[in-house]
Amino acid sequence: MATKTGVPVAPASMQRGATLSKEEILRYSRHLIMPEVGMEGQLKLKQAKVLCIGTGGLGAPLGLYLAAAGVGRIGIVDFDVVDNTNLQRQVLFSTTDVGRPKIQAAADRLRGLNPDIQIDAYETNLSSENALDLFKDYDIIVDGTDNFPTRYLVNDACILLGKPNVYGSIFRFDGQITVFGYPGGPCYRCLYPEPPPPGLVPSCAEGGVLGVLPGIVGTIQAAETLKLILGKGEPLVGRLLLFDALGMKFRELKLRKNPECPVCGEHPTVTKLIDYVQFCGIRGEEAPTTVTNIPEITPRDLKARLDRGDDLYILDVREPHEYQICNLGGHLIPLGELSRRAAELDSSKEIVAHCRSGKRSAEAVDFLRKAGFKKIWNLKGGILAWSDEVDSSVPKY
Ligand SMILES: [Zn+2]
């Protein structure tokens with residue numbers, strides 16, 4: 001069950017029923033003078049209940065614009081703590097929030113922006129156990145998460161409860177936005193019946209993301225959410241909007257509801273929430289490593305051996321742009337080039353391979369061992385662990 005922080009209390013004006021106070025009329029005047037919104041639309045916004053999953057890159061513009069627009073009740077779900085790497089794009093947070101639970105920092109910011117609305121802050125990990133219970137009180141669910149298990153979970157819970165799911169995803173310079181779970185429209189499983197193989201699709205933590213991209217995609221999600229509440233315009237149903245920031249282009253793909261869809265099709269086989277981590281497999285950085293039995297050396301042991309003057313060859317299998325951020329003075333051969341450049345290495349020497357976290361270099365060690373290298377080790381935990389355990393002047397990224 002969710003831990004609910006704060007006590008959501010409906011503002012007095014809401015308890016009195018569907019009216020706007022003098023202050024609210026002033027606050028929302030730019031809405032009220034638009035015929036498509038007007039008093040009727042603003043009251044719809046005031047009575048609307050929207051649940052935002054995640055308060056990260058997408059959740060930031062979403063939360064801010066929904067709160068500013070006067071959506072009467074906004075739920076936010078997150079279990080993370082603000083860290084320094086968030087600040088490049090998660091504009092809900094300021095530098096002084098680093099170390100605070102995201103949910104608290106986000107709730108403070110949104111309440112500061114609009115004290116007339118109700119913010120329900122759920123400091124919890126969304127799971128199959130709590131999703132239906134959390135979703136049932138809201139009209140619209142907005143998915144601002146960045147991992148496959150949660151996407152399938154949000155999708156299935158929305159379909160089971162008959163609620164629209166305003167979907168967005170981001171990677172590097174590219175974004176995707178659509179509305180799933182709308183009556184007659186497709187769902188996430190109609191588009192992606194099966195999750196990608198674990199590790200195939202890198203996350204933003206692995207591949208990076210342009211800081212403004214979640215701002216653009218999250219803002220489009222906010223616009224779609226407001227349109228659904230107002231019942232105006234053409235919702236992004238059955239259409240996958242693709243955004244390419246490098247080319248500055250929008251494209252649209254037609255999406256069709258799949259009659260064989262296991263959750264929203266004519267004969268659904270998914271009739272309750274399942275174990276989504278198992279369904280998707282463990283992927284990305286959560287996976288310790290895909291290869292096993294790799295000989296390892298700890299950063300402390302490597303430091304001790306280097307200090308003793310042992311002749312160790314340091315092999316860095318990261319990308320050149322990562323080498324520029326920080327390096328241990330090793331020889332750089334990116335993992336992708338290793339098969340054709342292995343001849344650069346001397347198999348009679350002791351080699352220690354490293355990358356950022358130890359995952360890519362484990363693959364490199366596995367490959368080189370199969371190629372006949374015997375005296376080779378993986379630096380456990382990579383350059384991140386080196387920074388933690390040996391030399392804190394090496395920046396982490
Ligand atoms: Zn479906």
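All of the points below concern the structure found in this document. (Residues numbered from 1 in each chain as written. Predicted model: local features only at pLDDT ≥ 70, side-chain atom pairs only at ≥ 80, totals over all residues. Heavy atoms only, no water.)

1. Here's the deal with the state of the cysteines
- Summed over all chains, the structure comprises 0 disulfides.
- Of all cysteine sulfurs in the structure, the one in Cys158 sits closest to Cys52, which takes part in no disulfide; the separation is 12 Å. (Disulfide = S-S within 2.5 Å.)

2. What to know about the coordination of the zinc ion
- Protein-derived ligands of the zinc ion are Cys187 (SG), Cys190 (SG), Cys261 (SG) and Cys264 (SG), with the metal-ligand distances lying across 2.3 Å.
- For the zinc ion, the 4 donor atoms in the first shell make angles of 94 to 122° at the metal, so the coordination geometry reads as tetrahedral.
- Counting along the primary sequence, the residues that act as donors to the zinc ion give the motif C-x2-C-x70-C-x2-C. One end of the pair, Cys190, is in helix 9 (residues 188–191); the other, Cys261, is in the loop between strand 9 (249–254) and helix 12 (276–280), with 71 residues separating them in the sequence. (Donors = N, O, S within 2.8 Å, 3.2 Å for Na, K, Ca; no water. Tetrahedral: all angles 85-135°; square planar, octahedral: opposite > 155°, others 65-115°. Helix = DSSP H or I, 4+ residues; strand = E, 2+ residues; numbered from the N terminus.)

3. Some points on the environment of Leu255
- Checked against the element boundaries, Leu255 lands in the loop between strand 9 and helix 12.
- We classify Leu255 as buried; its relative accessible area is 11%.
- When the C-alpha positions of Leu255 and Gly56 are compared, they lie 27 Å apart, and in sequence the two are 199 residues distant.
- Those residues in contact with Leu255 that lie beyond four places of it in its chain are Thr178, Phe180, Pro186, Leu191, Gly238, Arg239 and Leu240. (Buried < 20%, exposed > 50% of the residue type's maximum accessible area, 1.4 Å probe, protein only. Contact = heavy atoms within 4.5 Å.)

4. Considerations on the pairing of strand 5 (residues 140–143)
- Going residue by residue along strand 5, you find Ile140 and Val142 tucked away on one face and Ile141 and Asp143 tucked away on the opposite face as well.
- Note: strand 2 (residues 49–53) against strand 5, 4 bridges, orientation parallel. Each residue of the ladder has a partner; that of Val50, found in strand 5, is Ile140.
- Inspection of the sheet shows strand 5 paired to strand 6 (residues 165–171) by 3 bridges, in the parallel sense. When the sheet's bridge partners are listed, Val142 is paired in strand 6 with Val166.
- Regarding the hand of the β-α-β motif, the stretch spanning strand 5, helix 8 (residues 148–161) and strand 6 is right-handed. (Pairing = 2+ DSSP bridges. Right-handed = clockwise from strand over helix to strand, strands pointing away.)

5. Notes on the nonpolar core
- Ranked by internal contacts, the top residues of the largest apolar core, which has 50 residues, are Val50, Leu66, Val71, Ile74 and Ile76.
- Counting residues per element, this core draws most heavily on helix 11 (residues 213–230), at 8 residues.
- Contacts of Val50, omitting those with residues within four sequence positions, involve Leu66, Val71, Arg73, Ile74, Gly75, Tyr138, Ile140, Val142, Thr225 and Ile229.
- Ile53, Ala131, Leu134 and Ala157 belong to the second largest nonpolar core, which has 25 residues in total. (Core = buried A, V, L, I, M, F, W, Y, C linked by side-chain atoms within 4.5 Å.)

6. Some words on the packing of aromatic side chains
- Applying the stated criterion across every chain yields a total of 8 aromatic pairs.
- Pairwise contacts between aromatic rings join Tyr152, Tyr167, Phe180, Tyr188, Tyr192 and Phe279 into one cluster.
- Sitting over the ring of Tyr397, Arg356 keeps its end group 5.5 Å from the ring centre. (Phe/Tyr/Trp six-rings, centres within 6.5 Å; stacked < 30°, edge-to-face > 60°. Lys NZ or Arg CZ within 6 Å of the ring centre and 35° of its normal.)

7. Comments concerning the sheet that holds strand 10 (residues 296–297)
- If you walk across this open sheet you meet the 5 strands as 10-14-13-11-12, and the pairing is parallel. Here the strands that pair on one side only, and so sit at the sheet edges, are strand 10 and strand 12 (331–332).
- Bridge analysis of strand 13 (residues 350–354) against strand 14 (residues 376–379) gives 3 bridges, and the strand direction is parallel. Bridging across to strand 14, Ile351 finds its partner in Ile376.

8. Concerning the environment of Leu338
- Tracing the backbone through its elements, the reader meets Leu338 in helix 15 (residues 338–341).
- Along the sequence, Leu338 and Phe367 sit 29 residues apart, while their C-alpha atoms lie 8.6 Å from each other.
- If sequence neighbours within four positions are ignored, Leu338 has contacts with Leu315, Ile333, Leu345, Ala364, Phe367 and Leu368.

9. Comments concerning the side chain of Arg318
- Tracing the sequence through the fold places Arg318 in the loop between strand 11 (312–316) and helix 14 (320–325).
- Given a relative accessible area of 0%, Arg318 falls into the buried group.
- One polar contact links the side chain of Arg318 to the main-chain carbonyl oxygen of Glu322, over a distance of 3.3 Å.
- A distance of 2.7 Å separates a polar side-chain atom of Arg318 from the backbone oxygen of Cys326. (Polar contact = N/O pair within 3.5 Å; in protein donor to acceptor, adjacent residues only side chain to side chain.)

10. A few points about the packing of helix 4 (residues 38–47) against helix 11
- Direction vectors running N to C along helix 4 and helix 11 enclose 110°, while the axes themselves pass 9 Å from each other. Judged by the inter-axis angle, helix 4 sits roughly perpendicular to helix 11. Every pair of crossing elements has a handedness; the one defined by helix 4 and helix 11 is right-handed. Across from Gly41, Lys44 and Leu45 in helix 4, the residues of helix 11 making contact are Leu226, Ile229 and Leu230. (Axes fitted to C-alpha atoms, helices over the stretch in contact; angles between N-to-C directions. Parallel < 35°, antiparallel > 145°, perpendicular 65-115°, else oblique. Left-handed = near helix turned anticlockwise from the far one by under 90°.)

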